[in-house]
Amino acid sequence: MSATPKDADDLIVVGKIYSVHGVRGEVKVYSFTDPIKNLLDYKTWTLKREGSVKQVELVSGRGNDKFLVAKLKDLDDREEARLLAGFEICVPRNLFPELTDGEYYWYQLVGLKVIDHLGQLLGKIDHLLETGSNDVMVVKPCVGSLDDRERLLPYTEQCVLAVDLAAGEMKVEWDADF
């Protein structure tokens, strides 16, 4: 394991180590990529937890639809692997594949102001959830928002009218009776 990468601010969380696997120092990983095995495409991971940052190299990995098992370079001891539980797995955003127009990574949407079709500020996107049928945006109130309600809005073509990353906002079709 090596030291911190030079540009830690440009890192995006793509997974999290949550446990050890077996006795040879492998770790169990939740992947936030879709599909989850895409996490294994990144061979160098930056691990972050509570101010601690370290870089590791992925040797191999395997998995199913729920989690991955990863073997990291120079990690052969179960107890040493246990110390990595809770670390977030990050990669530089410049390694992400280019998207077509109208497609966005979740990290690009977090923090956007959400404005309804009447021009009312509903709040800011705090995070997104995967529900199976469609993704859901968790919109929390902010300074100047319509009220103090947290809203769950579907991330669908019917709801999202426009995304303007440069302006930091998203326009939505929203009905107060949702």
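Predicted model, so just to flag it, every value in this text is computed and none were measured. (Residues numbered from 1 in each chain as written. Predicted model: local features only at pLDDT ≥ 70, side-chain atom pairs only at ≥ 80, totals over all residues. Heavy atoms only, no water.)

1. Some thoughts on the overall build of the protein
Turning to step 1, where the next piece is worked out: Regarding its fold elements, the protein presents two helices and twelve strands.
Turning to step 2, where the next piece is worked out: Reading the secondary structure of the protein in the N-to-C direction produces β-β-β-β-β-α-β-α-β-β-β-β-β-β.
Turning to step 3, where the next piece is worked out: Principal-axis analysis of the C-alpha atoms gives the protein an extent of 60 × 35 × 30 Å.
Turning to step 4, where the next piece is worked out: For the protein, the residues scored as buried account for 34% of the 178 residues in total.
Turning to step 5, where the next piece is worked out: Here the contacts in the protein between residues at least 6 apart in sequence split such that 50% fall between residues at least 24 apart.
Turning to step 6, where the next piece is worked out: When the accessible surface of the protein is summed, it comes to about 10700 Å², and 48% of that surface belongs to carbon and sulfur atoms.
Turning to step 7, where the next piece is worked out: On the protein, the mean spot of the 22 positive side-chain charges and the mean spot of the 31 negative ones are 8 Å from each other. (Helix = DSSP H or I, 4+ residues; strand = E, 2+ residues; numbered from the N terminus. Buried < 20%, exposed > 50% of the residue type's maximum accessible area, 1.4 Å probe, protein only. Contact = heavy atoms within 4.5 Å. Areas by Shrake-Rupley, 256 points an atom, 1.4 Å probe, with all protein chains shown as cover. Lys, Arg positive; Asp, Glu negative; His and termini not counted. Charge placed at Lys NZ, Arg CZ, Asp CG, Glu CD.)

2. Digging into the UniProt feature "domain: Ribosome maturation factor RimM PRC barrel" (unreviewed entry) in the protein
Turning to step 1, where the next piece is worked out: Following the UniProt record, the feature "domain: Ribosome maturation factor RimM PRC barrel" (unreviewed entry) maps to residues 106-175 here.
Turning to step 2, where the next piece is worked out: Helix makes up 6% of residues 106-175 and strand 47%. Its end C-alpha atoms lie 23 Å apart. (UniProt positions renumbered as here; feature names shortened; annotations may be inferred.)

3. Digging into the pattern of salt bridges
Turning to step 1, where the next piece is worked out: Tallied over the full model, the rule gives nine salt bridges.
Turning to step 2, where the next piece is worked out: Ionic pairing is found between K140 and E150, a salt bridge with its closest N-O pair at 3.7 Å. Of this pair, K140 sits in strand β9 (residues 135-140) while E150 sits in the loop between β9 and β10 (151-154), placing them ten residues apart in sequence.
Turning to step 3, where the next piece is worked out: Looking at K140, the relative accessible area reads 33%, which means it is partly exposed.
Turning to step 4, where the next piece is worked out: Salt bridges here are not isolated pairs; linked through shared partners, they connect D126, K140 and E150. (Salt bridge = Lys/Arg side-chain N within 4 Å of Asp/Glu carboxyl O.)

4. A word on the sheet that holds strand β6 (residues 88-92)
Turning to step 1, where the next piece is worked out: A barrel is described by the order of its strands in space; here six strands give the closed sequence β1-β2-β5-β4-β3-β6, paired in antiparallel fashion. Averaged over all pairs of adjacent strands, the angle between strand axes in this sheet comes to 50°, irrespective of strand direction.
Turning to step 2, where the next piece is worked out: Alignment of strand β1 (residues 11-21) against strand β2 (residues 26-31), held across six bridges, turns out to be antiparallel. Looking at the pairing, S19 lines up with K28 of β2. (Pairing = 2+ DSSP bridges. Axes fitted to C-alpha atoms, helices over the stretch in contact; angles between N-to-C directions.)

5. Digging into unusual backbone geometry
Turning to step 1, where the next piece is worked out: D34 connects to P35 through a cis peptide bond whose omega is 0°.
Turning to step 2, where the next piece is worked out: Mapped onto the elements, P35 comes out in the loop between β2 and β3 (44-49).
Turning to step 3, where the next piece is worked out: Backbone geometry at E50 places phi at a positive 45°, although glycine is not the residue there.
Turning to step 4, where the next piece is worked out: Mapped onto the elements of the fold, E50 is located in the loop between β3 and β4 (52-63).

6. Considerations on the packing of aromatic side chains
Turning to step 1, where the next piece is worked out: In the structure shown here, the tally under the stated rule is six aromatic pairs.
Turning to step 2, where the next piece is worked out: Pairing Y18 with F67 gives two aromatic rings, centres 6.4 Å apart and planes at 90°, and the pair type is edge-to-face. Here Y18 is found in strand β1, whereas its partner F67 is found in the loop between β4 and β5 (68-72), with 49 residues between them in sequence.
Turning to step 3, where the next piece is worked out: Judged by relative accessible area, which is 22%, F67 ranks as partly exposed.
Turning to step 4, where the next piece is worked out: Within the aromatic cluster, the residues linked to one another by ring pairs are Y42, F96, Y105 and Y107.
Turning to step 5, where the next piece is worked out: When the ring centre of F67 is taken as reference, the NZ or CZ atom of K28 above it lies at 5.2 Å. (Phe/Tyr/Trp six-rings, centres within 6.5 Å; stacked < 30°, edge-to-face > 60°. Lys NZ or Arg CZ within 6 Å of the ring centre and 35° of its normal.)

7. Notes on the pairing of strand β12 (residues 169-172)
Turning to step 1, where the next piece is worked out: Burial along β12 is one-sided: the residues M170 and V172 are buried and none of E169 and K171 is.
Turning to step 2, where the next piece is worked out: Sheet topology places strand β7 (residues 113-116) next to β12; four bridges connect them, and they run parallel. Of the residues in β12, the one forming a bridge with D116 is V172.
Turning to step 3, where the next piece is worked out: Sheet analysis places strand β11 (residues 160-164) next to β12, joined by four bridges and oriented antiparallel. When the bridges of β12 are listed, V163 appears paired with M170.
Turning to step 4, where the next piece is worked out: With antiparallel pairing between neighbouring strands as the criterion, β11 and β12 make up a hairpin whose turn holds four residues, including G168 at a positive phi of roughly 75°.

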